[in-house]
Amino acid sequence: MGRGRGRPAAIVDGTQSPRHYWGSELARLREEAGLTQQELAAKFPIDSSHLHRLEHATRKPPDLEFVEVLDEFVMGRGHLVKTYKMVLRLEAGAKYADYFAEALALEPTADRIDWYGGSIVPGLLQTEGYVRALTVAAHPFWTAEKVEKTVDDRIRRAAVLHRSTPLQMLAILDEAALRRPVGGRQVMVEQLDHIAELASDGLAVVQVLPYEVGAFPLLDGQMIIYRFVNDPPLVYTEGSVSGQLVEEKSEVDESILMYDLTRGQALPPSESLAFIVDAIKEHQGNV
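Residues numbered from 1 in each chain as written. Predicted model: local features only at pLDDT ≥ 70, side-chain atom pairs only at ≥ 80, totals over all residues. Heavy atoms only, no water.

Visitor: Kindly report on the overall build of the chain, identifying the contributing residues and their values.
Guide: A count of helices and strands for the chain gives 12 helices and six strands. Burial analysis of the chain (287 residues in total) assigns 47% to the buried set. A separation of at least 24 residues holds for 71% of the contacts in the chain among residues at least 6 apart in sequence. Surface summary for the chain: the accessible area is close to 14500 Å², and the carbon and sulfur share equals 54%. (Helix = DSSP H or I, 4+ residues; strand = E, 2+ residues; numbered from the N terminus. Buried < 20%, exposed > 50% of the residue type's maximum accessible area, 1.4 Å probe, protein only. Contact = heavy atoms within 4.5 Å. Areas by Shrake-Rupley, 256 points an atom, 1.4 Å probe, with all protein chains shown as cover.)

Visitor: Before we move on, could you go through the pairing of strand β1 (residues 112-116) and cite the residues and values that matter?
Guide: Looking down a regular strand, the side chains alternate between one sheet face and the other. Burial of β1 is extensive: four of the five residues sit out of reach of the surface. Pairing analysis gives five bridges linking β1 to strand β2 (residues 168-174), with the strands arranged parallel. Paired with aspartate 114 across the two strands is leucine 170, which belongs to β2. (Pairing = 2+ DSSP bridges.)

Visitor: Break down the pattern of salt bridges for me, citing the residues and quoting the values.
Guide: Should the charged atoms of two oppositely charged side chains come close, the side chains can pair. By the definition in use, this model includes 17 salt bridges. Salt-bridge contacts for glutamate 55 lead to arginine 30; the nearest nitrogen and oxygen are separated by 2.6 Å. Here arginine 30 lies in helix α1 (residues 18-32) and glutamate 55 lies in helix α3 (residues 48-55), a separation of 25 residues in the sequence. By relative accessible area, glutamate 55 is classed as buried at 0%. On the accessibility criterion, arginine 30 (3% relative accessible area) is buried. Here arginine 132 makes a salt bridge to glutamate 148, at a shortest N to O gap of 2.7 Å. Remark: glutamate 148 occurs in helix α8 (residues 144-157) and arginine 132 occurs in helix α7 (residues 128-138); sequence separation between them is 16 residues. The partly exposed category is assigned to arginine 132, whose relative accessible area is 28%. Overall, glutamate 148 belongs to the partly exposed group, its relative accessible area being 30%. One salt-bridge network, in which partners are shared between bridges, spans Arg112, Asp114, Arg227, Asp260 and Arg263. (Salt bridge = Lys/Arg side-chain N within 4 Å of Asp/Glu carboxyl O.)

Visitor: How would you summarise the environment of serine 24 if you had to cite specific residues and measurements?
Guide: Locating serine 24 in the fold gives a position in helix α1. Distance in space between the C-alpha atoms of serine 24 and leucine 54 is 9.2 Å, their sequence separation being 30 residues.

Visitor: So, the nonpolar core: which residues are in play, and what are the values?
Guide: One finds Ile113, Leu125, Met169, Tyr226 and Ile276 to be the most contacted residues of the largest nonpolar core, which totals 39 residues. Counting residues per element, the ones that place at least two in this core are β1, β2, α9 (175-179), α10 (185-200), β3 (205-209), β4 (222-227), β5 (234-238) and α12 (269-285). Take this core: its biggest share by element is seven residues, from α10. (Core = buried A, V, L, I, M, F, W, Y, C linked by side-chain atoms within 4.5 Å.)

Visitor: Before we move on, could you go through the confidence of the model for the chain and cite the residues and values that matter?
Guide: When the pLDDT values of the chain are averaged, the result is 86; 89% of them are 70 or greater. Residue range residues 1-9 is modelled with pLDDT below 50. Its contacts to residues more than four positions away, or to other chains, number 12 contacts. (pLDDT = per-residue confidence, 0-100.)

This is the structure we're talking about:
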């Protein structure tokens, strides 16, 4: 009964992650039930834009009870519930920290990512040697096989920088991330060469935050801002052993302000590239 009314829904690609698969199934069942996003949303205390985000995996359902009611409205006969439980199990067993798994699912669909990694090079810019050194340092009792699996997974994530619709990647690099010889001097030469190449090729906009800046808003943690064309931004913040995905608008706005203030203190891209080249020479001199 709802077919043909309103704007056609954008196609949901369910192959990108378990959460995207669940969203695509929700969209399929809703359409088979003859409901528009507006009609289905009207049955809940949510608006159609929130339902759109559920289908496109830029938001998660509030709880399993919500999914159960949703399944009833779209006549899913338990399918939505079973697949959502599958998503939860897969994410709980993810290769990444549980608190990061939800943010990780946003990378394939984000149109722009703003990333401050603290004293570590942002994940999407890391090289194999750098990832390996970080992984071994954080997990000294892991087997070599498990370490290499983590390295492979991390490097594959960087494919979003080369997709057909390019991701806009903006990164703030703390000077500490350039100076600390993670994995040794040669690994750092390769890592910084890689960043310089990405910046020179227009695949990432990189700004360096030098030591001389002193205190700045993001001094005590890491922050990633995921931006979308048709949905509001989300923010992921991380400390040493915990992280959280921020969705509340007021908190997102405050986080973006902190990021923008930090970026305002960083060097312009051209000066940053020269700074990185100097850091490469410093590491080469100590190989």
